[in-house]
Amino acid sequence: RPYPPAAPIITNVTASSMRVSWDEPESYDVNITGYSIQLAQGIHGSFRLVHNSSDTLCELTGLSGREIYRVRIIALSTVYPSAPGDPAWVTTLPPKVPSPPMNVKFD
């Protein structure tokens, strides 16, 4: 069974997306075949699978603005998956507010 991956690194955070990357963990001489990315919304939300990847980088989209998320990674192998890694915490940016109308005329 591989070691759990360390907490992922979260970058490029917007109101609706984030980039998640992580380092490949030690594998105990077991072949790591991929990763499961799990996401939890809010402080008490349950983790759910949102993406499987063979790479150590993914883009998560469709998120809500101004929301706390926790992201964790599980390494998959030919034998057993790792335990979940420590989560990274992130708050998405506020949604963009539309610009006020310009050159409004009243008759």
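Predicted, not measured: the structure shown is a model, and the values here were computed from it.

**Thoughts on the pairing of strand 5 (residues 57–61)**
Okay, step 1: Residue alternation in strand 5 divides its side chains into a buried set, Cys58 and Leu60, and an unburied set, Leu57, Glu59 and Thr61.
Okay, step 2: By the bridge criterion, five bridges tie strand 2 (residues 17–21) to strand 5 in an arrangement that is antiparallel. By the bridge assignment, Met18 is partnered in strand 5 with Leu60.

**Some points on the packing of aromatic side chains**
Okay, step 1: Under the criterion given, the structure shown has one aromatic pair.
Okay, step 2: Above the plane of the ring of Phe47 lies Arg72, whose end atom (NZ or CZ) is 3.8 Å from the centre.

**Details of the pattern of salt bridges**
Okay, step 1: Evaluated as defined, the whole model comprises one salt bridge.
Okay, step 2: Arg19 serves as the salt-bridge partner of Glu59, at 3.2 Å between the closest nitrogen and oxygen. Here the residue Glu59 occupies a position in strand 5, and Arg19 occupies one in strand 2, the gap between them amounting to 40 residues.

**Brief notes about unusual backbone geometry**
Okay, step 1: You will see that Asn12, though not glycine, has its phi angle at about 50°, which is positive.
Okay, step 2: With respect to the helices, strands and loops of the structure, Asn12 is situated in the loop between strand 1 (9–11) and strand 2.
Okay, step 3: Residues other than glycine seldom take positive phi values, yet Arg66 does so here, at roughly 55°.
Okay, step 4: Residue class for Arg66 comes out exposed when judged on its relative accessible area of 59%.

**Regarding the pairing of strand 6 (residues 68–77)**
Okay, step 1: Across the 10 residues that make up strand 6, a large majority, seven, are buried.
Okay, step 2: In this structure, strand 3 (residues 32–41) lies alongside strand 6, joined through nine bridges in antiparallel fashion. Within strand 6, the residue paired with Leu39 across the bridge is Val71.
Okay, step 3: Pairing geometry for strand 6 and strand 7 (residues 88–91), over four bridges, is antiparallel. Paired with Arg70 across the bridge in strand 7 is Trp89.

**Description of the nonpolar core**
Okay, step 1: Counting 17 residues, the largest nonpolar core has Ile10, Met18, Val20, Trp22, Ile37, Leu60 and Val71 as the members making the most contacts within it.
Okay, step 2: If you list the elements that add at least two residues to this core, you get strand 2, strand 3, strand 5, strand 6 and strand 7.

**Side note on the sheet that holds strand 2**
Okay, step 1: Taking strand neighbours across the sheet as the criterion, the three strands line up as 1-2-5 in an open arrangement whose pairing is antiparallel. The open sheet has two edge strands, strand 1 and strand 5, and neither has a second partner. Averaged over all adjacent pairs, the angle separating strand axes in this sheet is 25°, with direction ignored.
Okay, step 2: Sheet topology note: the strand 1/strand 2 ladder contains three bridges and is antiparallel. Looking at the pairing, Ile10 lines up with Val20 of strand 2.

Quick notes on the rules
Residues numbered from 1 in each chain as written. Predicted model: local features only at pLDDT ≥ 70, side-chain atom pairs only at ≥ 80, totals over all residues. Heavy atoms only, no water. Buried < 20%, exposed > 50% of the residue type's maximum accessible area, 1.4 Å probe, protein only. Helix = DSSP H or I, 4+ residues; strand = E, 2+ residues; numbered from the N terminus. Pairing = 2+ DSSP bridges. Phe/Tyr/Trp six-rings, centres within 6.5 Å; stacked < 30°, edge-to-face > 60°. Lys NZ or Arg CZ within 6 Å of the ring centre and 35° of its normal. Salt bridge = Lys/Arg side-chain N within 4 Å of Asp/Glu carboxyl O. Core = buried A, V, L, I, M, F, W, Y, C linked by side-chain atoms within 4.5 Å. Axes fitted to C-alpha atoms, helices over the stretch in contact; angles between N-to-C directions.

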